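Spelled out from the first residue to the last, the chains are:
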Amino acid sequence: MSPEAHSVPRSLAEALRARDDASLAALLRSRPDLITPVPTDLTQLATRAGTRASVLRALERLDRFALQTAEALAVAPDPASYDTLLGLMAGDAVDEAVAAALPRALGTLREQALVWGDDVRLRLVRTARELLAPSPQHPSPTGLGPTVQEATSGMSPGRIQEIVTTAGLASTHDSVSAVTALTGLFTHRKKMAKLLAGAPEAAREVLSRLVWGPPYGQVTADPAAHLRWLLDRGLLLPTAPGTVVLPREVALHLREGRAHRTPEPLPPAVAPAATHSPQVVDATAAGQAYTALATVEELLKDWDEGGPAVLRAGGLSVRDLKRTAVALDVSEPVAAFWVELAYAAGLIASDGEADERYAATPAYDEWLRTPPAERWGRLAQAWLTATRAPGLIGGRDAKDRTLSALGPGLDRSAAPEVRHRVLALLAALPQGAAPDAGSVLSRLRWEHPLRGPASTAPRERGGAWGKDGGEEDLRSRLARWTLTEAELLGVTGRGALSAHGRALLGAPPAGSGSGARSGAARPAAPEAGPPVPGSPAPGGASASGASGAADPAGPGDKLPVHHHRPAVRLAPLSGTDQAAATAAAARLLAPLLPEPLDHVLLQADLTAVAPGPLRRPLADMLGVLADVESKGGATVYRFTPASVRRALDAGRAAADLHAFLAEHSRTPVPQPLTYLIDDVARRHGHLRVGAASAYVRCDDDALLNEILADRRAAGLRLRRLAPTVLASQNDPVTLLEGLRGMGYAPAAESAEGDVLIARAHAHRTPPRAAPEPVPEGPPPPDATLLAAAVRAIRAGDLAATTPRKAVDGSPAGGELPRTSSADTLATMQAAVLTGDSVWIGYVNAEGAASQRVIAPIRVEGGFVTAYDHTADEVRTYPLHRITGVAELAEE
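Residues numbered from 1 in each chain as written. Predicted model: local features only at pLDDT ≥ 70, side-chain atom pairs only at ≥ 80, totals over all residues. Heavy atoms only, no water.

1. Let's talk about the overall build of the protein chain
(1) Moving on: The helix and strand inventory of the protein chain stands at 34 helices and 27 strands.
(2) Moving on: Within the protein chain, buried positions represent 48% of all 891 residues.
(3) Moving on: Of the contacts made within the protein chain by residues no fewer than 6 positions apart, 67% connect residues no fewer than 24 positions apart.
(4) Moving on: Accessible surface computed for the protein chain: about 40,900 Å², of which carbon and sulfur atoms make up 54%. (Helix = DSSP H or I, 4+ residues; strand = E, 2+ residues; numbered from the N terminus. Buried < 20%, exposed > 50% of the residue type's maximum accessible area, 1.4 Å probe, protein only. Contact = heavy atoms within 4.5 Å. Areas by Shrake-Rupley, 256 points an atom, 1.4 Å probe, with all protein chains shown as cover.)

Structure below.
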């Protein structure tokens, strides 16, 4: 046998063994399920890479063209040559775009360990072939049916001979050669063209309806003449009574050799829908970022003394969500987004009390003390990395239960990846360009086609951003929600990615080259489905590919395979890098946010206009003294008797209010406002309410007479106890509200007769951590784990494949060696003297058996100390746990 023949891998394990360490690490990084737990050797790694669950995960990560390539290999002969695959993908006319992109797709399949072998013998792993090959139960996306051999497997030999002779071929002595001859006819372009030239027009019409699938059709017991013509020549073959199928070879001839009707070698471009000035985009996004901060503050202020109750099943009730939407003056879906964002940032949580309610966490107070840009950064980072999808709120889960805000069932592990990918696609557009949403969705479906409608994942119905989204796949809905949420949060402005939004991704500044990365920006490692050579890269770069020969398996492998250069693609950042990127985004946003003001403009109509954001002490006090009438670029506050009384109840005197307004107003204090404050203050506390159940006392008995004579006081059930005291059976709070409703300004008093000051009592939960994102499968391994795993796999493979000398009495088949204690000790002592390595069988304390290659260093006290090649470290083994020892064969 020639040396070249020895270099051809005979199995996936051999193909993996020929790879270098960097290639193995790339495989484990892209398919992290293969490293949990770390395989003992490359044979176990290959076995695990061929399991159904792992192959399904790998197929889901393929882009559409790589998946089409795998589907073509599933209908090709096993093994298939590169030329055969090229014919199936590019057709007889050889589509140049397909031919140029095929090396990249095949390289992706090889890197993912879904395809192995050289360009003469390409093999799709068996599990992938079983999943993608056509069958009556699982039709192939190619629309192809079974081969002639598969379709005639149950046919009688006589019927096969009749078909062969009717088709114009010589009869044979057996069915196998007859099927081979018929297959040769159907795969011969000129002979097939001559055969079909004599077909009736109606027969050709039938073939045209079946050619692109589905390939099955129904016929009657007495088929028409044109159908009989097709059946007699094997162009249609029966599969069951009344059912016929178009053989794969016939369909491929009619398709001019193509396995797919529309190959998609190039990803659809993300088209801009509008282009704006970058300055306008940044300013718009900054304005929305400020609104986001104000909205979250308003939400938490509304829940400051204790928010809505927690449902028994968890989450907010529909009624509480509606109340929150009214308080924030937004729609219910938008209110659900803000509630979920505050929860993801760790600003609200359940208080855990018996009467469980939602409330602000201690982290909220710390958040309020940070600069506005940093506050926004915390919200943006929480949104980008959260696995909860607020858009699902209002829909129903797989068990037909309503999904509620802050409730269970909202985690979708794909959400962070989709958000990051959508923003990365926006980052690839020219600065200031807003994308067409449809083109973004088309691009995502090309990048992960199996995670679309064909996915086997359960699908929810409805959702907050649209009740008609039930028929749209989850990733597309997540992408739509991302575009909406990014605009609400101020990551985008007018649909285009802002400068601080770009920094949040770790992307290079707009206009810089692909190498001019700063901060946390970094390219992703090569992954399944990178942009094809010559197409725009998602991260704003471009890549060019070559179709020459290369060696993806390692320098020692001489297989003639094609290579590609993966494009630069923005990858999700690690925790530390993401924190650095968020800080950079906050620094870019800070100059764009309006400076807080220390003044308002008082007007004669009892309103105050805040022309911008107010400093916190001023905003807090004004929020007590007046009611917010309208929001926007300028906030309008209105002074009312009730709002002034609220300030007086909080312990402020009339003189304090006059001084406050004079200090913070750029306009003179209007006389009507001065009169309002003085009038309310003059009447405030004139009546005193205490607990009797409740009483009212007043030094002016005429005022008490007026109250008793008022018909509106009938519900308060008042009676006179003394000239200056009225008693009521209602509680003090009800009595206070009743008198205030009648137009009076009573004040509550303590048991000592002092006026009670009504201050808001902030309710906080115990310290709570922000919810952890739910990962999608095993987490990607870091560089340290990958290096250790590759080293352990190599060492284990060395132990498993190192040639050994035959040992008398040892079991065959690669089992553990068996030697006596004396022989084991003697062999170990000899190996110490010679410095040779030996092969041992070892059983640990848990009873697990393993085989190892060790280099003994010393033997004493019933223990052998040796360098363990399998573990790549020095270890000590008890001699009584060594089942046997064998010398390694000399190479």
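2. A few points about the packing of aromatic side chains
(1) Moving on: Overall, the coordinates contain 4 aromatic pairs when judged by the stated rule.
(2) Moving on: Ring centres of F337 and W338 lie 5.0 Å apart, and the angle between their planes is 55°; on these two criteria the pair is classed as tilted.
(3) Moving on: Residue F337 is classed as buried on the basis of its relative accessible area of 1%.
(4) Moving on: Residue classification places W338 among the buried residues on the basis of a relative accessible area of 2%. (Phe/Tyr/Trp six-rings, centres within 6.5 Å; stacked < 30°, edge-to-face > 60°.)

3. Digging into the sheet that holds strand β14 (residues 601–603)
(1) Moving on: Overall, antiparallel pairing links the 4 strands, which are arranged β14-β15-β17-β16 in an open sheet. The sheet is open, and its two edges are formed by β14 and β16 (627–630), each paired on a single side. Each adjacent strand pair in this sheet contributes to an overall mean axis angle of 30°, direction not counted.
(2) Moving on: Across 3 bridges, the pairing between β14 and strand β15 (residues 607–610) is antiparallel. The residue bridging Q603 from the neighbouring strand is T607, located in β15. (Pairing = 2+ DSSP bridges. Axes fitted to C-alpha atoms, helices over the stretch in contact; angles between N-to-C directions.)

4. Notes on the pattern of salt bridges
(1) Moving on: In total, this model carries 35 salt bridges according to the counting rule given.
(2) Moving on: In this structure, E14 engages R10 in a salt bridge whose closest nitrogen and oxygen atoms are separated by 3.0 Å.
(3) Moving on: Look at R10 and you get exposed, because its relative accessible area is 68%.
(4) Moving on: Its salt-bridge partner being R189, residue D92 comes within 2.8 Å of it at the nearest N-O pair. (Salt bridge = Lys/Arg side-chain N within 4 Å of Asp/Glu carboxyl O.)

5. Points about a negative patch on the surface
(1) Moving on: A contiguous patch of negative charge on the surface is contributed by D699, D700, D701 and E706.
(2) Moving on: Structurally, the position occupied by D700 is in the loop between β19 (694–697) and α31 (701–709). (Patch = residues over 30% accessible without salt bridge, like charges linked within 9 Å, V, L, I, M, F, W, Y side chains within 5 Å. Lys, Arg positive; Asp, Glu negative; His and termini not counted. Charge placed at Lys NZ, Arg CZ, Asp CG, Glu CD.)

6. Observations regarding the side chain of E249
(1) Moving on: With respect to the helices and strands, E249 occurs in helix α16 (residues 248–254).
(2) Moving on: No salt bridge is formed by the buried E249; its nearest oppositely charged neighbour, R248, is found at 6.2 Å.
(3) Moving on: Setting aside anything within four residues of it in sequence, one finds E249 in contact with T147, V148, T183, F186 and T187.

7. Section: the sheet that holds strand β24 (residues 849–860)
Sheet strands pair by backbone hydrogen bonding; their relative direction is either parallel or antiparallel.
(1) Moving on: Strand order in the open sheet made by the 5 strands is β26-β25-β24-β23-β27, with antiparallel pairing throughout. The open sheet has two edge strands with one neighbour each: β26 (873–878) and β27 (882–887). Strand after strand, the sheet turns through a mean of 45° between neighbouring axes, direction not considered.
(2) Moving on: Taken together, the 6 bridges between strand β23 (residues 838–843) and β24 define a ladder with antiparallel strand orientation. Along β24, the bridge assignment pairs V838 with I854.
(3) Moving on: Helix α34 (residues 821–834) contacts β23, β24, β25 (863–868) and β27 of the sheet and is inclined by roughly 65° relative to β24.

8. Observations regarding helix α30 (residues 671–683)
Think of an α-helix as turning once every 3.6 residues; residues three or four places apart then point the same way.
(1) Moving on: The terminal C-alpha atoms of α30, which comprises 13 residues, lie 18 Å apart, in line with the 18 Å expected from a rise of 1.5 Å per residue.
(2) Moving on: Taken together, the buried positions of α30 are occupied by L673, L676, I677 and V680. Along the long axis of α30, the arc covered by the buried residues comes to 95°, so they all point the same way. Of the exposed residues in α30, the ones pointing more than 90 degrees away from its buried face are Q671, Y675 and R682. (Expected span 1.5 Å × (residues − 1). Arc of directions from axis to C-beta.)

9. Let's talk about the packing of helix α22 (residues 415–427) against helix α23 (residues 437–447)
(1) Moving on: Close contact between α22 and α23 brings their axes to 11 Å; oriented N to C, the two are set at 120°. Here α22 is positioned oblique relative to α23, judged by the angle of their axes. As for how α22 packs across α23, the hand of that crossing is right-handed. Counted together, R421, V422 and L425 of α22 and V440, R443, L444 and E447 of α23 form the full contact between these two elements. (Parallel < 35°, antiparallel > 145°, perpendicular 65-115°, else oblique. Left-handed = near helix turned anticlockwise from the far one by under 90°.)

10. Description of the confidence of the model for the protein chain
(1) Moving on: Mean pLDDT over the protein chain: 82, with 85% of residues reaching 70 or higher.
(2) Moving on: In the model, residues 452–460 has pLDDT below 50 throughout and makes 17 contacts with residues more than four positions away in sequence or in other chains.
(3) Moving on: Contacts of residues 809–814 to residues separated by more than four positions or lying in other chains number 6 contacts, the stretch itself having pLDDT below 50. (pLDDT = per-residue confidence, 0-100.)

11. Section: helix α12 (residues 175–186)
(1) Moving on: Given a rise of 1.5 Å per residue, 12 residues ought to cover 16 Å, and the 16 Å separating the end C-alpha atoms of α12 matches this to within 8%.
(2) Moving on: All of the buried residues along α12 are A178, V179, L182, L185 and F186. One side of α12 holds all its buried residues, which, seen down the axis, span an arc of 120°. Projecting away from the buried face of α12 at angles above 90 degrees are the exposed residues V176 and T180.
(3) Moving on: For α12, the elements touching its buried residues are α10 (148–151), α11 (157–166), α13 (189–197) and α16.

12. Observations regarding the nonpolar core
(1) Moving on: With 91 residues, the main nonpolar core has L28, F186, L235 and L236 as its most contacted residues.
(2) Moving on: The leading source of residues in this core is helix α6 (residues 64–75), at 8 residues.
(3) Moving on: For L236, the contacting residues outside a window of four places in its chain are V206, L210, L227, L230, L231, V244, V245, L246 and P247.
(4) Moving on: A325, A336, A373 and A414 belong to the second-largest nonpolar core, a separate cluster that totals 75 residues. (Core = buried A, V, L, I, M, F, W, Y, C linked by side-chain atoms within 4.5 Å.)

13. Focus: the environment of A486
(1) Moving on: Along the chain, the position of A486 falls in helix α24 (residues 474–489).
(2) Moving on: Judged by its relative accessible area of 1%, A486 falls in the buried class.
(3) Moving on: When the C-alpha atoms of A486 and L497 are compared, they prove to be 8.8 Å apart, with 11 residues separating the residues in sequence.
(4) Moving on: What A486 contacts, discounting residues up to four positions off in sequence, is W383, L423, V491 and T492.

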